Amino acid sequence: MEEKPTLICSRCQLELEEAEAQFSYLNSSMRHKVKRCPSCGQVYLPESLVTGRMRELEDALEEK
Ligand SMILES: [Zn+2]
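Residues numbered from 1 in each chain as written. Predicted model: local features only at pLDDT ≥ 70, side-chain atom pairs only at ≥ 80, totals over all residues. Heavy atoms only, no water.

Colleague: Sorry if this is basic, but what is going on with the coordination of the zinc ion here?
Modeller: Ideal geometry at a metal centre gives angles of 109.5 degrees when four donors are arranged tetrahedrally and 90 or 180 degrees when six donors are arranged octahedrally. In this structure, C9 (SG), C12 (SG), C37 (SG) and C40 (SG) serve as the protein donors to the zinc ion, at separations of 2.3 to 2.4 Å. Each of the 4 donor atoms around the zinc ion contributes to a set of angles spanning 104 to 113°, which defines the coordination as tetrahedral. Along the chain, the residues that donate to the zinc ion are spaced as C-x2-C-x24-C-x2-C. Note that C12 is positioned in the segment before β1 (17-25) and C40 in the loop between β2 (28-36) and β3 (43-44), a separation of 28 residues in sequence. Here C12 falls in the partly exposed class, since its relative accessible area comes to 27%. (Donors = N, O, S within 2.8 Å, 3.2 Å for Na, K, Ca; no water. Tetrahedral: all angles 85-135°; square planar, octahedral: opposite > 155°, others 65-115°. Helix = DSSP H or I, 4+ residues; strand = E, 2+ residues; numbered from the N terminus. Buried < 20%, exposed > 50% of the residue type's maximum accessible area, 1.4 Å probe, protein only.)

Here it is as structure tokens:
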């Protein structure tokens, strides 16, 4: 079994909660579950998610 790392807001010292966020990128939008601070609203985005998504979109655009 793998334990999920707990993410803590560096500002508020609160545990981040799961929220659905909408992103806009190159005229398209997408939704994804992200970790968000319930107090200050700061969103934590894993770098792998961001770069992975961007690359997918860029590849799709280049195929045109
Ligand atoms: Zn916070």
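So much for the structure itself; the text now carries on.
Colleague: Would you explain the environment of A19 in this entry?
Modeller: Here A19 lies in strand β1. Distance from A19 to K35, taken between C-alpha atoms, is 6.0 Å for residues 16 residues apart in sequence. Dropping the residues within four chain positions of it, A19 is found in contact with H32, K33, V34 and R36. (Contact = heavy atoms within 4.5 Å.)

Colleague: Whenever I open this one, the sheet that holds β3 confuses me. Can you help?
Modeller: Sheet strands line up and pair through hydrogen bonds in the backbone, either parallel or antiparallel. Judged by pairing direction, the sheet is antiparallel, and its 3 strands sit side by side in the order β1-β2-β3 without closing on themselves. Only two strands of the sheet have a single partner each, and these edge strands are β1 and β3. Pairing of β1 with β2, which is carried by 9 bridges, proceeds in the antiparallel orientation. Of the residues in β2, the one forming a bridge with E18 is K35. (Pairing = 2+ DSSP bridges.)

Colleague: For this particular structure, what's the right way to read the pattern of salt bridges?
Modeller: If the charged atoms of two oppositely charged side chains come close together, the side chains can form a pair. Using the criterion set out here, one finds 1 salt bridge in the structure. R31 serves as the salt-bridge partner of E20, at 3.0 Å between the closest nitrogen and oxygen. Here E20 is found in strand β1, whereas its partner R31 is found in strand β2, with 11 residues between them in sequence. Judged by relative accessible area, E20 falls into the partly exposed class, the value being 48%. (Salt bridge = Lys/Arg side-chain N within 4 Å of Asp/Glu carboxyl O.)

Colleague: Hey, could you run me through a negative patch on the surface in this one?
Modeller: Side chains of E56, E58, D59 and E62 sit close together on the surface and give a patch of like negative charge. As for its placement among the helices and strands, E56 is situated in helix α1 (residues 47-62). We classify E56 as exposed; its relative accessible area is 53%. (Patch = residues over 30% accessible without salt bridge, like charges linked within 9 Å, V, L, I, M, F, W, Y side chains within 5 Å. Areas by Shrake-Rupley, 256 points an atom, 1.4 Å probe, with all protein chains shown as cover. Lys, Arg positive; Asp, Glu negative; His and termini not counted. Charge placed at Lys NZ, Arg CZ, Asp CG, Glu CD.)

Take it as geometry only, folks, not as evidence of what the structure does.
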